[in-house]
Amino acid sequence: QVQLVESGGGLVQAGGSLRLSCAASGSIFSINNMGWYRQAPGKQRELVATITSGGSTNYAGSRKGRFTISRDNAKNTVYLQMNSLKPEDTAVYYCNARLRATMIPGWGDYWGQGTQVTVSS
């Protein structure tokens, strides 16, 4: 069984910073892309950033420059450093990993349970 566990969310004032972490564990054979998505109240889940196993990154919208995604392949962990946070960044942030589990053929998308980020004005 595979689990993705996020941590690092919380309440922060506008202009502040947070660092989210997501560790994948369990019967993992290989991990391809990892990423972060977010869902604000009343809105659809949207892409924040992704990173390949080789370290290539992709950011949605104007978040590049404020947000930085990184990963530690040895720890099966992906991070999201968020700086200059704005109230509109308030959302539940979800970790995603496209991975191959042992004993299960093919690649699948796995999700964490989400971590709340609240930015006050």
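Residues numbered from 1 in each chain as written. Predicted model: local features only at pLDDT ≥ 70, side-chain atom pairs only at ≥ 80, totals over all residues. Heavy atoms only, no water.

## Some details on the side chain of aspartate 89
With respect to the secondary-structure elements, aspartate 89 resides in the loop between strand E8 (77-82) and strand E9 (91-101). What makes aspartate 89 buried here is its relative accessible area of 1%. There is a polar contact of 2.7 Å between the side chain of aspartate 89 and the side chain of arginine 66. Within the structure, aspartate 89 has its side chain in polar contact with the backbone nitrogen of lysine 86 (distance 2.8 Å). When sequence neighbours within four positions are dropped, the list of residues in contact with aspartate 89 reads Arg38, Arg66, Phe67, Ser84, Val117 and Val119. (Helix = DSSP H or I, 4+ residues; strand = E, 2+ residues; numbered from the N terminus. Buried < 20%, exposed > 50% of the residue type's maximum accessible area, 1.4 Å probe, protein only. Polar contact = N/O pair within 3.5 Å; in protein donor to acceptor, adjacent residues only side chain to side chain. Contact = heavy atoms within 4.5 Å.)

## Structural notes on the packing of aromatic side chains
According to the stated counting rule, one finds 1 aromatic pair in the structure shown. Each ring, one from tyrosine 37 and one from tryptophan 111, has its centre 5.1 Å from the other, and the planes form 65°; the classification is edge-to-face. Residue tyrosine 37 is located in strand E4 (residues 28-39), and its partner tryptophan 111 is located in strand E10 (residues 108-111); the two are separated by 74 residues in the primary sequence. Given the relative accessible area of 37%, tryptophan 111 is considered partly exposed. Cation over ring: arginine 19 sits above tyrosine 79, and NZ or CZ is 4.1 Å from the ring centre. Positioned above the aromatic ring of tryptophan 111, the side-chain terminus of arginine 45 is 4.7 Å from the ring centre. (Phe/Tyr/Trp six-rings, centres within 6.5 Å; stacked < 30°, edge-to-face > 60°. Lys NZ or Arg CZ within 6 Å of the ring centre and 35° of its normal.)

## What to know about the state of the cysteines
For the coordinates displayed, the defined rule picks out 1 disulfide. Note on cysteine connectivity: cysteine 22 is disulfide-linked to cysteine 95, with sulfurs 2.1 Å apart. Handedness of the cysteine 22-cysteine 95 disulfide follows from its S-S torsion of about -80°: it is left-handed. With cysteine 22 in strand E3 (residues 18-26) and cysteine 95 in strand E9, this pair connects stretches of sequence that are 73 residues apart. (Disulfide = S-S within 2.5 Å.)

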